[in-house]
Amino acid sequence: MRPRIGYKKLAAVGVAAVVGVASTIALTSGSASASPVFGYSGYSYGTDVETGLANSGPQVVSKFGCTTDATKADKNDLATANVNEQAIARTVKTDTHAFNDKSGTGVTSTATAADVKVGNLLTLTGVKTTTTARYSKGQLSYTGDTSFAGVKIGNIAVPSLLKPGPNTKVAVPGLGYIVLNRVGGVKTASGIYSYAQAVVVHATVKNQFIPQGVDVAVLKTRAEISKPATALVIGSAYGTQAKADKLVVSGPTSLQTTCQGTEGKTVRVAVGELNIPKVAYVGGVYTTKNGAIGENKSYIDFSSHVAGVKVGNLSIGAIESKASAWKTKDGKAGVSSSSSIASIKVGNKTYPVKTGENATLDIPGVAKLTFNQVMRQKRYIEVNALVIDVYSLNTKVIVGHSAAGVVS
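Counting of residues starts from 1 at the beginning of each chain's written sequence and follows it residue by residue. This being a predicted model, a pLDDT of at least 70 is required before a residue's local features are given, and a value of 80 or more before pairs of side-chain atoms are given or counted; all residues contribute to the totals for chains, interfaces and linings. As a rule here, side-chain values cover all heavy atoms of the structure and leave hydrogens and water aside.

### Re the sheet that holds strand β14 (residues 215-226)
Part 1 of the reasoning: When DSSP finds two or more bridges between a pair of strands, those strands are recorded as paired. By the criteria applied, helices consist of DSSP H or I runs no shorter than four residues and strands consist of E runs no shorter than two, each listed in order from the N terminus. The sheet built from six strands is open, its strands ordered β3-β2-β14-β13-β12-β11 with antiparallel pairing. Two strands bound the open sheet, and with one partner strand each, they are β3 (62-67) and β11 (168-172). This sheet shows a mean twist of 20° between the axes of neighbouring strands, independent of strand direction.
Part 2 of the reasoning: Here five bridges tie β11 to strand β12 (residues 176-187), and the two strands are oriented antiparallel to one another. Paired with T168 across the two strands is L180, which belongs to β12. Geometry is summarised by axes, namely lines fitted to C-alpha atoms with helices restricted to the contacting stretch, and by angles between N-to-C directions that run from 0 to 180 degrees.

In C-alpha coordinates:
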(Lines give C-alpha, C1' and ligand atoms only; values in the text may rest on other atoms or scores of the structure.)
Protein backbone atom coordinates (compact mmCIF):
# COMPACT_ATOMS: atom_id res chain seq x y z
CA MET A 1 0.00 0.00 0.00
CA ARG A 2 1.34 3.42 -0.93
CA PRO A 3 1.80 5.99 1.86
CA ARG A 4 -1.17 8.35 2.14
CA ILE A 5 -1.39 11.98 3.13
CA GLY A 6 -2.01 12.64 6.80
CA TYR A 7 -5.47 12.86 8.26
CA LYS A 8 -6.76 15.59 10.53
CA LYS A 9 -10.11 15.98 12.27
CA LEU A 10 -11.95 19.14 11.29
CA ALA A 11 -15.30 20.77 11.88
CA ALA A 12 -17.51 20.02 8.87
CA VAL A 13 -18.47 23.03 6.78
CA GLY A 14 -22.16 23.91 7.09
CA VAL A 15 -24.49 23.01 4.23
CA ALA A 16 -26.81 25.53 2.62
CA ALA A 17 -29.41 24.94 -0.08
CA VAL A 18 -27.91 22.84 -2.87
CA VAL A 19 -27.76 24.24 -6.39
CA GLY A 20 -27.55 21.39 -8.95
CA VAL A 21 -26.66 21.20 -12.63
CA ALA A 22 -26.88 18.29 -15.05
CA SER A 23 -26.00 17.39 -18.61
CA THR A 24 -27.01 14.43 -20.78
CA ILE A 25 -25.95 13.11 -24.17
CA ALA A 26 -27.81 10.41 -26.12
CA LEU A 27 -25.73 8.51 -28.67
CA THR A 28 -27.22 6.05 -31.13
CA SER A 29 -25.80 3.76 -33.75
CA GLY A 30 -27.19 3.08 -37.17
CA SER A 31 -26.79 -0.67 -36.84
CA ALA A 32 -29.64 -2.76 -35.50
CA SER A 33 -27.32 -4.78 -33.29
CA ALA A 34 -23.69 -4.92 -32.26
CA SER A 35 -21.46 -7.97 -31.89
CA PRO A 36 -20.25 -8.74 -28.36
CA VAL A 37 -16.71 -7.63 -27.58
CA PHE A 38 -13.99 -8.92 -25.28
CA GLY A 39 -12.02 -6.74 -22.88
CA TYR A 40 -8.25 -7.14 -22.57
CA SER A 41 -5.86 -5.70 -19.98
CA GLY A 42 -2.57 -6.66 -18.39
CA TYR A 43 0.84 -5.57 -17.19
CA SER A 44 4.38 -6.74 -16.53
CA TYR A 45 6.69 -5.01 -14.05
CA GLY A 46 10.37 -5.54 -13.43
CA THR A 47 10.05 -4.48 -9.78
CA ASP A 48 7.31 -2.94 -7.67
CA VAL A 49 7.63 -1.77 -4.07
CA GLU A 50 4.40 -2.80 -2.37
CA THR A 51 4.92 -1.15 1.02
CA GLY A 52 7.16 1.38 2.66
CA LEU A 53 8.93 3.44 -0.03
CA ALA A 54 6.98 6.34 -1.53
CA ASN A 55 9.35 6.95 -4.45
CA SER A 56 9.86 3.40 -5.73
CA GLY A 57 6.93 2.66 -8.01
CA PRO A 58 6.80 0.05 -10.78
CA GLN A 59 9.89 -0.13 -13.01
CA VAL A 60 10.38 -1.60 -16.51
CA VAL A 61 6.66 -1.41 -17.15
CA SER A 62 4.70 -2.95 -20.03
CA LYS A 63 0.96 -2.49 -19.79
CA PHE A 64 -2.36 -1.73 -21.42
CA GLY A 65 -5.90 -1.67 -20.09
CA CYS A 66 -9.56 -1.69 -21.08
CA THR A 67 -9.09 -2.38 -24.77
CA THR A 68 -11.13 -4.44 -27.24
CA ASP A 69 -8.11 -4.82 -29.55
CA ALA A 70 -6.92 -8.46 -29.60
CA THR A 71 -3.62 -7.37 -31.20
CA LYS A 72 -2.68 -4.94 -28.42
CA ALA A 73 0.87 -5.39 -27.10
CA ASP A 74 3.57 -3.61 -25.15
CA LYS A 75 7.24 -4.38 -24.45
CA ASN A 76 9.99 -2.84 -22.35
CA ASP A 77 13.68 -3.59 -21.74
CA LEU A 78 15.99 -2.07 -19.14
CA ALA A 79 19.49 -2.94 -17.98
CA THR A 80 18.62 -2.77 -14.26
CA ALA A 81 15.66 -2.19 -11.95
CA ASN A 82 16.65 -0.41 -8.75
CA VAL A 83 15.04 -0.34 -5.32
CA ASN A 84 16.51 1.82 -2.54
CA GLU A 85 19.43 2.56 -4.89
CA GLN A 86 20.20 -1.15 -5.05
CA ALA A 87 20.30 -2.95 -8.43
CA ILE A 88 17.75 -5.65 -7.60
CA ALA A 89 17.12 -7.05 -11.11
CA ARG A 90 19.43 -6.97 -14.13
CA THR A 91 18.76 -7.33 -17.86
CA VAL A 92 15.00 -7.09 -17.35
CA LYS A 93 12.52 -7.63 -20.18
CA THR A 94 8.74 -7.34 -19.93
CA ASP A 95 6.05 -8.22 -22.46
CA THR A 96 2.26 -8.02 -22.32
CA HIS A 97 0.09 -8.93 -25.30
CA ALA A 98 -3.46 -9.87 -26.17
CA PHE A 99 -4.24 -12.77 -28.50
CA ASN A 100 -7.08 -14.38 -30.43
CA ASP A 101 -6.11 -17.74 -31.91
CA LYS A 102 -7.05 -21.42 -31.90
CA SER A 103 -6.34 -21.62 -28.16
CA GLY A 104 -8.94 -18.94 -27.41
CA THR A 105 -8.74 -15.21 -26.72
CA GLY A 106 -6.98 -13.56 -23.81
CA VAL A 107 -3.85 -11.91 -22.48
CA THR A 108 -0.36 -13.19 -21.66
CA SER A 109 2.11 -11.23 -19.54
CA THR A 110 5.75 -12.28 -19.20
CA ALA A 111 8.79 -10.87 -17.37
CA THR A 112 12.38 -12.13 -17.40
CA ALA A 113 15.67 -11.15 -15.75
CA ALA A 114 19.20 -12.44 -16.11
CA ASP A 115 19.56 -12.26 -12.35
CA VAL A 116 17.86 -10.98 -9.20
CA LYS A 117 20.13 -10.16 -6.26
CA VAL A 118 19.73 -8.77 -2.78
CA GLY A 119 23.37 -8.14 -1.88
CA ASN A 120 25.02 -11.38 -0.83
CA LEU A 121 21.84 -12.67 0.83
CA LEU A 122 19.90 -13.90 -2.22
CA THR A 123 20.86 -14.65 -5.85
CA LEU A 124 18.41 -15.87 -8.51
CA THR A 125 19.55 -16.39 -12.11
CA GLY A 126 17.71 -17.03 -15.36
CA VAL A 127 14.38 -15.87 -13.92
CA LYS A 128 11.14 -16.06 -15.92
CA THR A 129 7.55 -15.59 -14.82
CA THR A 130 4.41 -15.63 -16.95
CA THR A 131 0.64 -15.66 -16.58
CA THR A 132 -2.23 -16.06 -19.04
CA ALA A 133 -5.95 -15.37 -18.68
CA ARG A 134 -8.03 -17.05 -21.40
CA TYR A 135 -11.61 -17.38 -22.66
CA SER A 136 -12.20 -20.45 -24.83
CA LYS A 137 -15.35 -22.36 -25.79
CA GLY A 138 -17.41 -20.50 -23.22
CA GLN A 139 -14.98 -21.18 -20.36
CA LEU A 140 -12.60 -18.93 -18.41
CA SER A 141 -9.21 -20.25 -17.27
CA TYR A 142 -5.77 -19.05 -16.22
CA THR A 143 -2.22 -20.32 -15.89
CA GLY A 144 0.80 -18.91 -14.11
CA ASP A 145 4.33 -20.13 -13.45
CA THR A 146 7.88 -19.12 -12.54
CA SER A 147 11.19 -20.89 -13.17
CA PHE A 148 14.84 -20.22 -12.30
CA ALA A 149 18.15 -21.36 -13.76
CA GLY A 150 19.81 -21.01 -10.35
CA VAL A 151 18.84 -20.25 -6.75
CA LYS A 152 21.35 -19.38 -4.01
CA ILE A 153 20.49 -18.32 -0.47
CA GLY A 154 23.62 -16.80 0.96
CA ASN A 155 26.36 -18.93 -0.60
CA ILE A 156 24.30 -22.13 -0.67
CA ALA A 157 22.77 -23.38 -3.94
CA VAL A 158 19.23 -24.75 -3.60
CA PRO A 159 18.42 -26.81 -6.75
CA SER A 160 15.07 -27.94 -5.33
CA LEU A 161 13.78 -24.37 -5.86
CA LEU A 162 14.48 -24.15 -9.60
CA LYS A 163 10.84 -24.95 -10.34
CA PRO A 164 9.08 -24.00 -7.10
CA GLY A 165 5.47 -24.85 -6.39
CA PRO A 166 2.93 -22.07 -6.11
CA ASN A 167 3.52 -19.63 -3.25
CA THR A 168 6.67 -21.29 -1.89
CA LYS A 169 7.88 -19.51 1.26
CA VAL A 170 11.60 -19.61 2.10
CA ALA A 171 13.51 -18.00 4.98
CA VAL A 172 16.50 -15.83 4.03
CA PRO A 173 18.88 -15.18 6.96
CA GLY A 174 19.72 -11.51 7.39
CA LEU A 175 16.76 -10.38 5.30
CA GLY A 176 13.50 -12.04 6.35
CA TYR A 177 11.77 -14.32 3.90
CA ILE A 178 10.80 -14.62 0.26
CA VAL A 179 7.82 -16.08 -1.56
CA LEU A 180 8.68 -17.74 -4.86
CA ASN A 181 6.20 -18.27 -7.70
CA ARG A 182 3.31 -16.32 -6.16
CA VAL A 183 0.40 -17.13 -8.46
CA GLY A 184 -3.37 -16.98 -8.42
CA GLY A 185 -6.52 -16.03 -10.28
CA VAL A 186 -9.91 -14.51 -9.54
CA LYS A 187 -13.02 -15.38 -11.56
CA THR A 188 -16.13 -13.18 -11.54
CA ALA A 189 -19.38 -13.08 -13.47
CA SER A 190 -17.69 -10.61 -15.86
CA GLY A 191 -14.37 -12.33 -16.53
CA ILE A 192 -11.14 -13.48 -14.95
CA TYR A 193 -7.75 -12.04 -14.00
CA SER A 194 -4.60 -13.90 -13.08
CA TYR A 195 -1.26 -12.91 -11.61
CA ALA A 196 2.22 -14.39 -11.27
CA GLN A 197 5.22 -12.97 -9.47
CA ALA A 198 8.67 -14.52 -9.61
CA VAL A 199 9.66 -13.52 -6.08
CA VAL A 200 8.31 -11.26 -3.38
CA VAL A 201 10.96 -10.10 -0.91
CA HIS A 202 9.76 -9.40 2.63
CA ALA A 203 12.45 -7.48 4.51
CA THR A 204 11.44 -8.22 8.08
CA VAL A 205 14.85 -7.63 9.69
CA LYS A 206 17.28 -4.73 9.47
CA ASN A 207 19.71 -5.04 6.57
CA GLN A 208 21.77 -2.76 4.31
CA PHE A 209 19.89 -3.48 1.08
CA ILE A 210 16.14 -3.06 1.61
CA PRO A 211 14.62 -1.07 4.49
CA GLN A 212 13.03 -3.18 7.19
CA GLY A 213 9.27 -3.50 6.73
CA VAL A 214 9.39 -3.10 2.94
CA ASP A 215 7.99 -5.67 0.50
CA VAL A 216 9.33 -5.80 -3.07
CA ALA A 217 7.72 -7.79 -5.89
CA VAL A 218 10.22 -8.75 -8.59
CA LEU A 219 8.95 -9.73 -12.05
CA LYS A 220 5.28 -9.03 -11.39
CA THR A 221 2.70 -9.91 -14.06
CA ARG A 222 -1.07 -9.73 -14.48
CA ALA A 223 -3.47 -10.73 -17.27
CA GLU A 224 -7.21 -10.07 -17.55
CA ILE A 225 -9.96 -11.06 -20.00
CA SER A 226 -13.66 -10.28 -19.83
CA LYS A 227 -16.52 -12.44 -21.06
CA PRO A 228 -18.22 -11.36 -24.31
CA ALA A 229 -20.23 -8.18 -23.67
CA THR A 230 -21.96 -5.45 -25.62
CA ALA A 231 -19.28 -3.02 -24.36
CA LEU A 232 -16.59 -2.51 -21.75
CA VAL A 233 -17.16 0.11 -19.08
CA ILE A 234 -14.52 2.62 -18.02
CA GLY A 235 -14.33 5.57 -15.66
CA SER A 236 -13.18 6.89 -12.32
CA ALA A 237 -14.19 8.85 -9.25
CA TYR A 238 -12.26 10.67 -6.55
CA GLY A 239 -12.91 13.31 -3.94
CA THR A 240 -9.97 15.69 -4.32
CA GLN A 241 -6.66 16.09 -6.10
CA ALA A 242 -4.20 18.99 -5.85
CA LYS A 243 -1.49 20.06 -8.28
CA ALA A 244 1.09 22.86 -8.17
CA ASP A 245 2.06 23.55 -11.78
CA LYS A 246 2.64 19.99 -13.09
CA LEU A 247 3.59 18.54 -9.71
CA VAL A 248 1.01 16.44 -7.87
CA VAL A 249 0.77 17.79 -4.33
CA SER A 250 -1.92 15.32 -3.27
CA GLY A 251 -3.04 12.30 -5.27
CA PRO A 252 -6.70 11.37 -5.79
CA THR A 253 -8.56 10.67 -2.53
CA SER A 254 -11.00 7.72 -2.34
CA LEU A 255 -10.04 6.83 -5.91
CA GLN A 256 -12.08 4.21 -7.78
CA THR A 257 -11.72 2.98 -11.37
CA THR A 258 -13.13 0.12 -13.42
CA CYS A 259 -12.85 -1.94 -16.60
CA GLN A 260 -15.51 -4.61 -16.04
CA GLY A 261 -17.92 -2.96 -13.60
CA THR A 262 -19.01 -4.34 -10.23
CA GLU A 263 -21.47 -7.09 -11.18
CA GLY A 264 -24.27 -4.67 -10.34
CA LYS A 265 -23.14 -4.10 -6.75
CA THR A 266 -22.44 -0.66 -5.27
CA VAL A 267 -18.83 -0.32 -4.10
CA ARG A 268 -18.12 2.50 -1.66
CA VAL A 269 -14.68 3.85 -0.69
CA ALA A 270 -14.38 6.46 2.05
CA VAL A 271 -11.73 8.40 3.98
CA GLY A 272 -12.10 10.63 7.01
CA GLU A 273 -11.41 14.33 7.05
CA LEU A 274 -7.90 15.07 5.84
CA ASN A 275 -5.24 17.72 5.44
CA ILE A 276 -3.47 18.55 2.19
CA PRO A 277 -0.39 20.26 3.67
CA LYS A 278 -0.20 24.03 2.99
CA VAL A 279 -3.13 23.77 0.54
CA ALA A 280 -6.50 22.71 1.95
CA TYR A 281 -8.54 21.03 4.65
CA VAL A 282 -11.05 18.57 3.29
CA GLY A 283 -14.12 17.13 5.00
CA GLY A 284 -15.04 13.46 4.79
CA VAL A 285 -14.83 11.98 1.28
CA TYR A 286 -16.51 8.98 -0.27
CA THR A 287 -16.98 7.66 -3.79
CA THR A 288 -19.25 4.99 -5.25
CA LYS A 289 -19.32 2.88 -8.39
CA ASN A 290 -21.96 0.49 -9.70
CA GLY A 291 -22.02 -1.22 -13.07
CA ALA A 292 -21.94 -4.40 -15.09
CA ILE A 293 -21.05 -5.70 -18.53
CA GLY A 294 -23.22 -8.15 -20.40
CA GLU A 295 -24.34 -9.34 -23.82
CA ASN A 296 -27.56 -7.30 -23.64
CA LYS A 297 -26.42 -4.15 -21.86
CA SER A 298 -23.34 -2.65 -20.24
CA TYR A 299 -23.50 0.30 -17.87
CA ILE A 300 -21.49 2.17 -15.22
CA ASP A 301 -22.32 4.84 -12.64
CA PHE A 302 -19.72 6.78 -10.63
CA SER A 303 -20.27 9.36 -7.90
CA SER A 304 -18.10 11.55 -5.66
CA HIS A 305 -19.12 13.18 -2.36
CA VAL A 306 -17.08 15.67 -0.33
CA ALA A 307 -18.38 17.11 2.97
CA GLY A 308 -16.61 20.43 2.40
CA VAL A 309 -13.31 22.13 1.59
CA LYS A 310 -11.41 25.03 3.18
CA VAL A 311 -8.63 26.81 1.31
CA GLY A 312 -7.34 29.71 3.42
CA ASN A 313 -10.41 31.80 4.26
CA LEU A 314 -12.41 30.24 1.38
CA SER A 315 -15.03 27.73 2.57
CA ILE A 316 -16.97 25.47 0.20
CA GLY A 317 -20.01 23.49 1.42
CA ALA A 318 -20.93 19.93 0.46
CA ILE A 319 -19.87 18.97 -3.08
CA GLU A 320 -21.14 16.11 -5.23
CA SER A 321 -20.79 14.84 -8.78
CA LYS A 322 -22.11 11.92 -10.81
CA ALA A 323 -21.30 10.40 -14.19
CA SER A 324 -23.01 7.53 -16.02
CA ALA A 325 -22.61 5.67 -19.30
CA TRP A 326 -24.46 2.78 -20.96
CA LYS A 327 -24.77 0.83 -24.19
CA THR A 328 -27.25 -1.85 -25.34
CA LYS A 329 -26.82 -4.64 -27.86
CA ASP A 330 -28.98 -2.79 -30.42
CA GLY A 331 -26.29 -0.07 -30.60
CA LYS A 332 -27.98 2.58 -28.49
CA ALA A 333 -25.76 4.37 -25.98
CA GLY A 334 -25.67 7.42 -23.77
CA VAL A 335 -23.74 9.31 -21.13
CA SER A 336 -24.80 11.81 -18.47
CA SER A 337 -23.30 13.90 -15.71
CA SER A 338 -24.39 16.17 -12.87
CA SER A 339 -22.84 18.15 -10.04
CA SER A 340 -23.88 20.28 -7.07
CA ILE A 341 -22.26 22.64 -4.55
CA ALA A 342 -23.98 23.68 -1.36
CA SER A 343 -22.36 27.04 -0.58
CA ILE A 344 -19.38 29.34 -1.06
CA LYS A 345 -18.04 31.75 1.57
CA VAL A 346 -15.00 33.95 2.06
CA GLY A 347 -15.01 34.99 5.68
CA ASN A 348 -18.55 36.18 6.34
CA LYS A 349 -19.34 36.95 2.69
CA THR A 350 -21.47 34.47 0.73
CA TYR A 351 -21.03 34.08 -3.04
CA PRO A 352 -23.57 32.63 -5.48
CA VAL A 353 -23.06 29.14 -6.90
CA LYS A 354 -23.23 29.56 -10.66
CA THR A 355 -25.15 27.06 -12.78
CA GLY A 356 -24.47 25.69 -16.23
CA GLU A 357 -21.39 23.95 -17.57
CA ASN A 358 -17.93 25.43 -17.08
CA ALA A 359 -19.23 28.55 -15.31
CA THR A 360 -16.57 30.60 -13.49
CA LEU A 361 -16.38 32.91 -10.51
CA ASP A 362 -13.36 35.12 -9.83
CA ILE A 363 -12.79 36.11 -6.22
CA PRO A 364 -10.08 38.80 -6.42
CA GLY A 365 -6.93 37.97 -4.50
CA VAL A 366 -8.30 34.57 -3.44
CA ALA A 367 -9.10 32.12 -6.22
CA LYS A 368 -10.81 31.44 -9.51
CA LEU A 369 -13.62 28.86 -9.24
CA THR A 370 -14.84 26.76 -12.15
CA PHE A 371 -18.19 25.02 -11.60
CA ASN A 372 -19.40 21.85 -13.29
CA GLN A 373 -16.36 21.46 -15.52
CA VAL A 374 -17.48 18.95 -18.18
CA MET A 375 -15.32 17.24 -20.81
CA ARG A 376 -16.74 14.91 -23.45
CA GLN A 377 -15.48 12.36 -25.90
CA LYS A 378 -17.42 9.78 -27.89
CA ARG A 379 -19.40 7.68 -25.35
CA TYR A 380 -17.38 9.14 -22.47
CA ILE A 381 -18.01 12.03 -20.10
CA GLU A 382 -15.97 13.54 -17.27
CA VAL A 383 -17.15 16.08 -14.70
CA ASN A 384 -15.34 18.01 -11.98
CA ALA A 385 -17.89 19.58 -9.65
CA LEU A 386 -15.41 22.31 -8.71
CA VAL A 387 -11.92 23.39 -9.76
CA ILE A 388 -10.20 25.89 -7.46
CA ASP A 389 -7.23 27.84 -8.86
CA VAL A 390 -5.56 29.29 -5.78
CA TYR A 391 -3.72 32.47 -6.75
CA SER A 392 -1.34 32.70 -3.80
CA LEU A 393 -0.24 29.06 -4.04
CA ASN A 394 -0.21 28.66 -7.83
CA THR A 395 -2.15 25.50 -7.09
CA LYS A 396 -5.15 23.82 -8.68
CA VAL A 397 -7.50 21.77 -6.48
CA ILE A 398 -10.02 19.48 -8.19
CA VAL A 399 -13.02 18.59 -6.04
CA GLY A 400 -15.74 16.04 -6.82
CA HIS A 401 -14.47 14.18 -9.90
CA SER A 402 -16.58 11.57 -11.71
CA ALA A 403 -16.12 10.05 -15.17
CA ALA A 404 -17.84 7.25 -17.10
CA GLY A 405 -17.73 5.73 -20.56
CA VAL A 406 -18.27 2.62 -22.68
CA VAL A 407 -15.85 1.06 -25.15
CA SER A 408 -16.96 -1.25 -27.94
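From this point, things continue past the structure.
### So, the environment of A196
Part 1 of the reasoning: Mapped onto the elements, A196 comes out in strand β13 (residues 191-203).
Part 2 of the reasoning: Exposure classes here rest on a 1.4 Å probe applied to the protein chains alone. A residue is buried below 20% of its type maximum, exposed above 50%, and partly exposed in between. Looking at A196, the relative accessible area reads 0%, which means it is buried.
Part 3 of the reasoning: Between the C-alpha atom of A196 and that of T132, which follows or precedes it by 64 residues, the distance is 9.1 Å.

### Section: the state of the cysteines
Part 1 of the reasoning: The term disulfide is used for any two cysteine sulfur atoms that are within 2.5 Å. What the rule picks out here adds up to one disulfide.
Part 2 of the reasoning: Sulfur-sulfur distance for the disulfide between C66 and C259 comes to 2.4 Å. With C66 in strand β3 and C259 in the loop between β17 (256-258) and β18 (267-271), the pair connects residues that are 193 residues apart, well separated along the chain.

### Observations regarding the nonpolar core
Part 1 of the reasoning: Only buried residues count toward a nonpolar core. Its members are Ala, Val, Leu, Ile, Met, Phe, Trp, Tyr and Cys residues joined through side-chain atoms within 4.5 Å. Among the nonpolar cores identified, the biggest contains 34 residues, and V116, L124 and I210 are the most heavily contacted of them.
Part 2 of the reasoning: Apart from the residues within four sequence positions on either side, I210 is in contact with N84, I88, V118, V201, A203 and V216.
Part 3 of the reasoning: Listed in part, the 32 residues of the second largest apolar core include V311, I344, L361 and I388. Should any heavy atoms of two residues lie within 4.5 Å, those residues are considered in contact.

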